[in-house]
Amino acid sequence: MTAFVELDHSRPSATDGEIAAINLESARRGAWARFAQDPRLPGVAEEIVDSERLASQFLGDLDVLDRLDVLASQFARADDSSRAPLVQAEVASAAHRFDDARGYLARAARAGAPREAIERQALAIDQACGVGLQAVLAARRGFAKASGRLEDLVPLGALLADLERCAEADTIYRQAFFSYSDVSPFPLAWVCFQLGMLWGELAAVPDPALAAVWYRRAIAYLPGYVKARVHLAEIYASQSRMGDAEALLLPALSSRDPEVNWRLADVLTAQGKFEEAERQLDAARSGFDQLLGRHLLAFADHAAEFYAGSGNDGRRAFELARTNVANRPTRRAVKQADAIALIADAAGPSDPHEACGAGTPV
C-alpha cells in the first residue's frame, strides 16, 4: 500500500490527550451540576449529551447510556419545548433504539424544532440502519461541501466505507484529518480510528500494517482511546506480538469494556497463561451479559462476535446477530449474521438463515 508515503506528512497538532480527557470529565460533571440547578438552562442538556457520548466513544465508559436515559427522562419532565424530544431522539439513537428515535423526531417536528436539527438526526438514523443510502450519500456530500468541516467529512467517509467505496472513503478521511485546524484531539483520534477500521476491516483486501499506523496515531492523540487499543491489539496478536498486545490492553481494563477482557483472554491463552485467561473470559462474559440486559440493541453486534468466538456459544451469537439485523439491516450486519449462521448450523438443528431475510441492505 503506497499510502505509507503520504503518512510522512506533518500531522495536525492538538492538546495533550490525557489533559483533554481530564478536561472532558470536568466539563461533563459541570454540565450535570448546572442541569441539576435548572434542567431548562439553554444548551445544558445538549452539552451533557455531547460530553457523555465522547466519554462512551473514546474512553469506553459503559455507564453512559444509563446516565443518558436519566437525562432524557428528567429533561422531558422539566421542559415542554421541542428541545426535549430532540434530546430524547439523540439518546435513543445512542442506544440504537432507532424506532424510538424516529418517534421522538416526529414529536420534535410537531413541537416546532428547527428543520436542520431534525434532518441531521434523521440522516444519522438512516445511515445507521442502512436505509436510503443513496439519498443519505447525496445529503452527506452536500453538508461536507458546504462546511468542509471534519464533523461533516467523517460521516461521509464512513458512508462511503459502508458502500465499499474504500478509495473514496480514504480520500475523504484524509481531507478531514489534514484540514483540521482546531486543537481538540478527539476529532483527530476519531478520523485516525476510522482510517484504521477502513484498512484493517472494511477494505476488500485489508492492510493490517497500514491500519496499525492509523490506530497508533489515534492512541498518540488520545492514550485512553479504548477501542483503538483493542483494535491495534488484535493486529499485534495476529502478528504473534502477544507481549505488545497485552501491554496495549492492560491499561484499558479500567474502562470495564468486556471487549478488553475478551481480547486479553485471547492473548493470555496464546501465551499459555490459561488460569488468568479464564478469569478474563469470565469477566468478558459477565460484562456482555450485563450490557445486554440493559441495552440489548446497543451491544448485540459486539456480543454476537464475542459468542461466535471465544464466548463459544454459536446459537446465542446467532440470536444476537439476528436481533441486530432486524434492528438495522446494514450490509455489515447481514454479513455478520451470515457468517455466524454457519457457526450456529454446526451447533445444532435450526434454520439460522431465515433471520438473515429480516432486512435487506440497500
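**Notes on the overall build of the protein chain**
Of the regular secondary structure elements, the protein chain holds 19 helices and 0 strands. Its C-alpha atoms put the protein chain at 60 × 55 × 40 Å along the principal axes. Sorting the 362 residues of the protein chain into buried and exposed places 49% on the buried side. Within the protein chain, residue pairs in contact and separated by at least 24 positions form 58% of the contacts whose partners lie at least 6 positions apart. Here the protein chain has roughly 16300 Å² of accessible surface; of this, 53% comes from carbon and sulfur atoms. Both charge centroids of the protein chain, one from 39 positive and one from 50 negative side chains, sit 3 Å from each other.

**Quick look at the environment of H302**
Checked against the element boundaries, H302 lands in helix α17 (residues 296-308). Judged by its relative accessible area of 28%, H302 falls in the partly exposed class. Taking the C-alpha atoms as reference points, H302 and K335, 33 residues apart in sequence, are found 14 Å from one another. Not counting residues up to four positions away in its chain, the partners in contact with H302 are K227, E259, W262 and F288.

**As for the pattern of salt bridges**
Counted under the stated rule, the structure contains 38 salt bridges. A salt bridge links D126 to R102; the nearest nitrogen and oxygen atoms lie 2.8 Å apart. Within this pair, whereas D126 is found in helix α7 (residues 115-129), its partner R102 is found in helix α6 (residues 98-110), the two being separated by 24 residues in sequence. Notably, a salt bridge pairs D289 with R316, separated by 2.8 Å at the nearest N-O pair. Separated by 27 residues along the polypeptide, D289 in helix α16 (residues 274-294) and R316 in helix α18 (residues 314-327) bring together distant segments of the chain.

**Let's talk about the confidence of the model for the protein chain**
Averaged over every residue, the pLDDT of the protein chain is 92; residues scoring 70 or more account for 93%. Segment residues 350-362: pLDDT under 50, and 28 contacts once partners within four positions in sequence are set aside and those in other chains are kept.

**Quick notes on the layout of surface pockets**
The calculated volume of the second largest pocket comes to roughly 210 Å³. Surrounding the second largest pocket, 13 residues form its lining, L59, G224, V226, P251 and S254 being those nearest its centre. For the lining of the second largest pocket, the secondary-structure elements that each account for two or more residues are α2 (17-37) and α13 (226-238). A per-element tally of the lining of the second largest pocket places α2 first, with 3 residues.

**What about the packing of α2 against helix α4 (residues 64-78)?**
Interhelical geometry of α2 versus α4 gives an angle of 25 degrees and a closest axis separation of 12 Å. Our classification of the angle between α2 and α4 gives roughly parallel. For the pair α2 and α4, the crossing hand works out as left-handed. Residues R28, W32 and F35 of α2 form the contact with α4, whose participating residues are R67, L71, Q74 and F75. Taken together, the residues of the contact of α2 with α4 break down into 4 nonpolar, 1 polar and 2 charged.

**Looking at α2**
Look at α2: 30 Å from first C-alpha to last across 21 residues, which is about the 30 Å you get at 1.5 Å a residue. Looking at α2, one finds that the buried residues are G17, A20, A21, L24, R28, A31, W32 and F35. The arc that holds every buried residue of α2, seen down its axis, measures 110 degrees, which confines them to one face. Opposite the buried face of α2, by more than 90 degrees, sit the exposed residues E18, I22, R29, A36 and Q37. In the core, the buried residues of α2 are packed alongside α3 (44-59), α4, α11 (185-202) and α12 (208-221). The N-terminus of α2 is capped by D16, whose side-chain oxygen sits 3.0 Å from the backbone nitrogen of E18.

**A few points about the side chain of S93**
Checked against the element boundaries, S93 lands in helix α5 (residues 83-94). Residues contacting S93, with those up to four places away along its chain left out, are F98, A101 and I125.

**Remarks on the state of the cysteines**
For the coordinates displayed, the defined rule picks out 0 disulfides. Cysteine C166 is unpaired, with the sulfur of C192 as its nearest cysteine sulfur at 17 Å. We classify C166 as buried; its relative accessible area is 11%.

**Digging into the packing of aromatic side chains**
Applying the stated criterion to the full structure yields 13 aromatic pairs. An aromatic cluster is present here, built from F58, F186, F193, Y215 and Y225 joined pairwise through their rings. The ring of F143 is capped by R120, whose NZ or CZ atom sits 3.9 Å from the centre of that ring. Over the face of the ring belonging to W262 we find R263, whose NZ or CZ atom lies 3.6 Å from the ring centre.

**Some points on the environment of P187**
The residue P187 is located in helix α11 in this model. Classification of P187 by relative accessible area gives buried; the value is 14%. Separated by 154 residues in the primary sequence, P187 and A33 place their C-alpha atoms 26 Å from one another. What P187 contacts, discounting residues up to four positions off in sequence, is L150 and Y180.

Cut-offs used in this document
Residues numbered from 1 in each chain as written. Predicted model: local features only at pLDDT ≥ 70, side-chain atom pairs only at ≥ 80, totals over all residues. Heavy atoms only, no water. Helix = DSSP H or I, 4+ residues; strand = E, 2+ residues; numbered from the N terminus. Buried < 20%, exposed > 50% of the residue type's maximum accessible area, 1.4 Å probe, protein only. Contact = heavy atoms within 4.5 Å. Areas by Shrake-Rupley, 256 points an atom, 1.4 Å probe, with all protein chains shown as cover. Lys, Arg positive; Asp, Glu negative; His and termini not counted. Charge placed at Lys NZ, Arg CZ, Asp CG, Glu CD. Salt bridge = Lys/Arg side-chain N within 4 Å of Asp/Glu carboxyl O. pLDDT = per-residue confidence, 0-100. 1 Å grid on protein atoms, 1.4 Å probe; cavity = no way out; pocket = protein on both sides within 12 Å on 5 of 7 lines; lining within 4 Å. Points joined across faces, edges and corners; volume = space filled by probe spheres on them. Axes fitted to C-alpha atoms, helices over the stretch in contact; angles between N-to-C directions. Parallel < 35°, antiparallel > 145°, perpendicular 65-115°, else oblique. Left-handed = near helix turned anticlockwise from the far one by under 90°. Nonpolar A, V, L, I, M, F, W, Y, C, P; charged D, E, K, R; others polar. Expected span 1.5 Å × (residues − 1). Arc of directions from axis to C-beta. Polar contact = N/O pair within 3.5 Å; in protein donor to acceptor, adjacent residues only side chain to side chain. Disulfide = S-S within 2.5 Å. Phe/Tyr/Trp six-rings, centres within 6.5 Å; stacked < 30°, edge-to-face > 60°. Lys NZ or Arg CZ within 6 Å of the ring centre and 35° of its normal.

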